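Here are the chains, one letter per residue:
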Amino acid sequence: CSPRQEGRVYAEKNKHRELFLSLVKRHQSELYRYSVKLTHNTELAEDLLQDTFCEAWRSIPSLRDARKGRGWLFQILRHRFSHWVRDKGRRIKPG
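None of the values given here were measured: they were computed from a predicted structure.

What counts and what doesn't
Residues numbered from 1 in each chain as written. Predicted model: local features only at pLDDT ≥ 70, side-chain atom pairs only at ≥ 80, totals over all residues. Heavy atoms only, no water. Phe/Tyr/Trp six-rings, centres within 6.5 Å; stacked < 30°, edge-to-face > 60°. Helix = DSSP H or I, 4+ residues; strand = E, 2+ residues; numbered from the N terminus. Buried < 20%, exposed > 50% of the residue type's maximum accessible area, 1.4 Å probe, protein only. Salt bridge = Lys/Arg side-chain N within 4 Å of Asp/Glu carboxyl O. Core = buried A, V, L, I, M, F, W, Y, C linked by side-chain atoms within 4.5 Å. Contact = heavy atoms within 4.5 Å. Expected span 1.5 Å × (residues − 1). Polar contact = N/O pair within 3.5 Å; in protein donor to acceptor, adjacent residues only side chain to side chain.

A. Molecular detail of the packing of aromatic side chains. Applying the stated criterion across every chain yields a total of three aromatic pairs. Seen in terms of ring centroids, phenylalanine 20 and phenylalanine 53 are 6.4 Å apart; in terms of plane orientation they differ by 90°. Their pairing is edge-to-face. Here the residue phenylalanine 20 occupies a position in helix α1 (residues 3-39), and phenylalanine 53 occupies one in helix α2 (residues 42-59), the gap between them amounting to 33 residues. Classification of phenylalanine 53 as buried rests on a relative accessible area of 10%. Ring geometry for phenylalanine 20 against tryptophan 57: centres 5.1 Å apart, planes inclined by 70°, an arrangement best described as edge-to-face.

So this is what it looks like as structure tokens:
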């Protein structure tokens with residue numbers, strides 16, 4: 001990898017980092033409230049939100065339009081919740 005290519009890779013990663021942090025800052029509270037609504041449990045909601053942000057970080061290069069970031073995050077959250085319920089057998093109990 002040439003220094004020029006390394007510079008482009010760094011710039012791209014930095015762009016993704018800035019976008020991710022911006023999305024988290026802008027939508028974290030709303031996503032948390034939705035997580036609580038789904039799980040009926042604040043601890044599970046925090047875990048679900050953490051899983052959502054981890055998946056979003058891994059997938060941030062796939063977000064083609066930053067204006068659709070809110071919907072993209074909610075889609076990830078719903079997918080993670082479905083995964084919890086279906087595949088991990090988590091019991092969602094009020095708490």
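B. Molecular detail of the pattern of salt bridges. Summed over all chains, the structure comprises three salt bridges. With a closest N to O distance of 2.5 Å, arginine 70 and glutamate 30 form a salt bridge. On the criterion of sequence distance, the pair formed by arginine 70 in helix α3 (residues 69-87) and glutamate 30 in helix α1 is long-range, its members being 40 residues apart. When its relative accessible area of 40% is taken as the criterion, arginine 70 is described as partly exposed. Close ionic contact of glutamate 55 with arginine 58 constitutes a salt bridge, the shortest N to O distance being 2.9 Å. With a gap of three residues between them, glutamate 55 and arginine 58 both fall in helix α2, about one helical turn apart. The exposure class of arginine 58 is exposed, given its relative accessible area of 55%.

C. Here's a closer look at the nonpolar core. Of all hydrophobic cores here, the largest spans 19 residues; its most connected members are Leu31, Phe53, Trp72 and Leu73. For this core, the secondary-structure elements that each account for two or more residues are α1, α2 and α3. Ignoring sequence-local partners within four residues, the contact set of tryptophan 72 consists of Leu23, Ala56, Ser59, Ile60, Ser62 and Leu63.

D. Representation of α2 in the model. Helix length check: α2 (18 residues) gives 25 Å between terminal C-alpha atoms against 26 Å at 1.5 Å per residue, within 8%. Among all positions of α2, only Leu44, Ala45, Leu48, Leu49, Thr52, Phe53, Ala56 and Ser59 are buried. Here α2 starts with a cap whose side-chain oxygen sits 2.9 Å from the backbone nitrogen of glutamate 43, and that cap is asparagine 41.

E. Highlighting unusual backbone geometry. One non-glycine residue, histidine 40, adopts positive backbone phi at about 60°. Within the secondary structure, histidine 40 sits in the loop between α1 and α2.

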